[in-house]
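Here's the letter readout for the chains.
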Amino acid sequence: MSLSPTDSRRRSSPRRPLWPVVLGTWLIASPTLGADPGSDAKVDFDRDVRPILSNQCFQCHGPDDKRRKGELRLDTPTGVFEATKSGGKAVVPGDLEESELYLRITEEDDSVRMPPPKSGKALNADQVAKVRAWIEQGAEIKRHWAFTPPQRPTPPSPGDSAWCRNPIDAFVLDRLERDGLHPSPEAGKTSLLRRLSLDLIGLPPTIEELDAFRNDASPDAYENQVTRLLASPHYGERWGRVWLDAARYADSDGYEKDKPRQVWAYRDWVINALNRDLPYDEFIIDQIAGDLLESPSQDQKVATGFLRNSMINEEGGADPEQFRMEAMFDRMEAIGKGVLGLTIQCAQCHTHKFDPLTHEEYYRMFAYLNDSYEASTPVYSPQEQMRRAALFQEIEEIEAGLKHRNPDWPERMADWERSVSADQTEWLVVRPEVDDISTGGQKYLPQEDGSFLAQGYAPTKHRVKLTVKVDAPQIHAFRLELLNHPDLPLSGPGRSIKGMAALTEFEVEAAPADAPTKVQKVRFSRASADVNPPETPLEPIFDDKSGKGRVTGPAAFAIDGKDETAWGID
């Protein structure tokens, strides 16, 4: 089922796969890829020099500010090139005599040489030579590749330029010629189309497609096949798999129960986004914050499934808040690897030792995700959306008719509520305090109208204790109202994915205000509810360890003192 509408911004140029081009550009653009750094080779800082500094110097001159000596950092360009408090510089590009780093690692005096002999570390002759060559060659330090915009390199000019059909061929042939190799003979049409089909759509070509390609004698025969495959719906399926891996997509919860999860709408969104060539910035924004955009569409809400694919642990002894936090860390990792191109987990505990990410920056980003309200979002097919619109229109018409025929309805309802109980003069909305220890990981957030908004992990069964002090001579009844979320009318009142809930017991303990330790349990004479279903066995998953089956039924089940019965709203 497709949930993505036709994109009016679709480009006229043929789609091109994002990831192969990006990765290919980085590989081709690296002048030292695969080179064996010798005395005449270009020394690369990240490959040749940084490992030396990391192993020998970072313990005292690295990212750990608590262990840093002499206020000298060698893990950042600023620390390497700027003057220290003594006025010297660790490295002056092209000048060994002014580069304090080189002078100290080649010093013969043990009291001055670095690393100090007592550290048990020392640079060998090959390592010193690499540092020397790097400084003499200009001491170039490239930014981390994930923070460097890719640039189109200038293609080389190999000897047999007639063999090249596109700029990438020039890079390939240039490398082959440098290694004394020659290109393999061109593959036949059958092999070419098979390779192309498997690469772009992940499926082999059909007999009919092979015959059409073999019989196409036009100079654009191959390009025509590329265009055909890029326009195939299977293109999004093939390349969507790459992104779905980064998003940790799965059709089950993981952990010991590994129950099925219904998140295929997000999978389809990724596939459709690639098929309609959604711009990359919108592709990322929709997945991280689509639900926070102004008037978000259903597709933009579905896109946030990128952050909702964490494993779910419903084992009986699990701490709900612990695994909520585990999910938060998992989301951070997904953003780091999938979007930033960084492994950022180190920054959970300290400033990253290798990637440019501080401890504070990690938790600033963490706070954005942790502050977001989450709820199970229903997703509808186009046909279901039309049906919902028609139903809501019918409801509005019925309500408008009722208001027209009964203009005094609010006053009549107020009179009815006042007459519900002869002994009850008025309902008092109380604002109790929540005993956090009793919530089982659920959050109870107080609202302005006196209600509570339940958030966080929704356990299968839990108990909550609310405490309130009231100034009333007598209390004749308690009233519990279950509400939907005002902004999400289809969310609730229960915490299940269908909005259902069951109340096993409603208990009250009372004590005099001047003697709070004299607690007595209150016995209820009767219970009533707007919804009183017949006795219905609950699903086996809710059975307790005693083996006794549980049933839901009328409100009386909420005050009968039995754990195996519950008032339900289903």
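What you see is a predicted model, and the numbers here were worked out from it, not measured in a lab. (Residues numbered from 1 in each chain as written. Predicted model: local features only at pLDDT ≥ 70, side-chain atom pairs only at ≥ 80, totals over all residues. Heavy atoms only, no water.)

S.K.: Explain the overall build of the chain here, please?
M.R.: On a plain count of helices and strands, the chain comes out with 18 helices and ten strands. When the 570 residues of the chain are sorted by exposure, 28% land in the buried category. Per element, the accessible surface of the chain, about 37500 Å² overall, is 53% carbon and sulfur. (Helix = DSSP H or I, 4+ residues; strand = E, 2+ residues; numbered from the N terminus. Buried < 20%, exposed > 50% of the residue type's maximum accessible area, 1.4 Å probe, protein only. Areas by Shrake-Rupley, 256 points an atom, 1.4 Å probe, with all protein chains shown as cover.)

S.K.: Could you clarify how one ought to interpret the pattern of salt bridges in this entry?
M.R.: Two side chains with opposite charge may pair up if their charged atoms get near one another. Counted under the stated rule, the structure contains 21 salt bridges. Arg248 is paired through a salt bridge with Asp330; the nearest N and O atoms lie 2.9 Å apart. Residue Arg248 is found in the loop between helix 11 (233–246) and helix 12 (264–275), and its partner Asp330 is found in helix 15 (residues 320–340); the two are separated by 82 residues along the sequence. Put simply, Glu481 and Arg479 hold a salt bridge, and the shortest N to O gap is 2.7 Å. (Salt bridge = Lys/Arg side-chain N within 4 Å of Asp/Glu carboxyl O.)

S.K.: Help me understand the sheet that holds strand 9 (residues 551–553), please; the structure alone is not making it clear to me.
M.R.: Strand order across the open sheet formed by four strands is 5-10-9-8, with mixed pairing between neighbours. Unpaired on one side and paired on the other, strand 5 (502–503) and strand 8 (536–537) mark the two borders of the sheet. Where strand 9 and strand 10 (residues 565–568) come together, three bridges link them in parallel fashion. Across the sheet, the residue bridging to Val551 is Thr565, located in strand 10. (Pairing = 2+ DSSP bridges.)

S.K.: Help me understand the packing of helix 12 against helix 13 (residues 280–289), please; the structure alone is not making it clear to me.
M.R.: The description of two helices packed together rests on the angle between their axes and the distance between the axes. For the pair helix 12 and helix 13, interaxial distance at closest approach is 11 Å and the crossing angle is 165 degrees. In terms of orientation, helix 12 and helix 13 fall into the roughly antiparallel class. Helix 12 and helix 13 meet at a crossing whose hand is right-handed. Along its contact with helix 12, which presents Tyr266, Trp269, Val270 and Ala273, the element helix 13 presents Phe283, Asp286 and Gln287. Broken down by class, the residue content of the contact of helix 12 with helix 13 amounts to five nonpolar, one polar and one charged. (Axes fitted to C-alpha atoms, helices over the stretch in contact; angles between N-to-C directions. Parallel < 35°, antiparallel > 145°, perpendicular 65-115°, else oblique. Left-handed = near helix turned anticlockwise from the far one by under 90°. Contact = heavy atoms within 4.5 Å. Nonpolar A, V, L, I, M, F, W, Y, C, P; charged D, E, K, R; others polar.)

S.K.: Whenever I open this one, the nonpolar core confuses me. Can you help?
M.R.: Across soluble globular proteins, nonpolar side chains show a tendency to be buried alongside one another. Core analysis: the largest hydrophobic core is formed by 27 residues, its most contacted members being Trp243, Tyr266, Trp269, Phe283, Phe306 and Tyr362. Contributions of two or more residues to this core are made by helix 11, helix 12, helix 13, helix 14 (298–303), helix 15 and helix 16 (359–370). Broken down by element, the residue count for this core peaks at five residues, all from helix 12. Listed in part, the 23 residues of the second largest apolar core include Cys57, Val80, Val128 and Ala133. (Core = buried A, V, L, I, M, F, W, Y, C linked by side-chain atoms within 4.5 Å.)

S.K.: How should the side chain of Gln56 be read in this particular structure?
M.R.: Structurally, Gln56 can be placed in helix 2 (residues 45–56). Accessibility expressed as a relative area gives 16% for Gln56, which makes it buried. With residues up to four places along the chain from it excluded, the contact list for Gln56 reads Pro115, Lys121, Ala122, Leu123 and Gln127.

S.K.: Is there a simple way to explain unusual backbone geometry in this structure?
M.R.: Negative phi is the rule for most residues except glycine; trans is the rule for most peptide bonds. Looking along the chain, the bond that leaves Met114 and enters Pro115 is cis, with omega of -5 degrees. Mapping Pro115 onto the fold places it in the loop between helix 5 (100–105) and helix 6 (125–136). The phi dihedral of Ala139 is positive, around 50 degrees, even though this residue is not glycine. As for its placement among the helices and strands, Ala139 is situated in the loop between helix 6 and helix 7 (167–178). With a phi angle near 55 degrees, Arg248 is a residue other than glycine that sits in the positive phi range.

S.K.: Explain helix 10 (residues 221–230) here, please?
M.R.: Here helix 10 has its buried residues at Ala221, Gln225, Leu229 and Leu230. Those residues of helix 10 that are buried lie in contact with helix 8 (189–200), helix 9 (207–214) and helix 11.

S.K.: I would appreciate a short explanation of the packing of aromatic side chains in the present structure.
M.R.: When we look at a pair of aromatic rings, we describe it by the centre distance and by the angle of the planes. Following the criterion strictly, the structure yields 15 aromatic pairs and no others. Taken together, a centroid distance of 4.9 Å and an interplanar angle of 70 degrees make the contact between Tyr362 and Tyr363 edge-to-face. Residue Tyr363 is classed as partly exposed on the basis of its relative accessible area, which comes to 30%. Ring plane angle 85 degrees and centroid distance 6.1 Å describe the contact between Phe478 and Phe524, whose orientation is recorded as edge-to-face. Of this pair, Phe478 sits in the loop between strand 4 (466–467) and strand 5 while Phe524 sits in the loop between strand 7 (520–521) and strand 8; the two residues are 46 residues apart in sequence, bridging distant segments of the chain. Given the relative accessible area of 42%, Phe478 is considered partly exposed. Looking at Phe524, the relative accessible area reads 28%, which means it is partly exposed. Among the aromatic residues, ring-to-ring pairing joins Trp243, Tyr266, Trp269, Tyr280, Phe283 and Phe306 into one connected group. (Phe/Tyr/Trp six-rings, centres within 6.5 Å; stacked < 30°, edge-to-face > 60°.)

Don't take any of this as a statement about function, it's just geometry.
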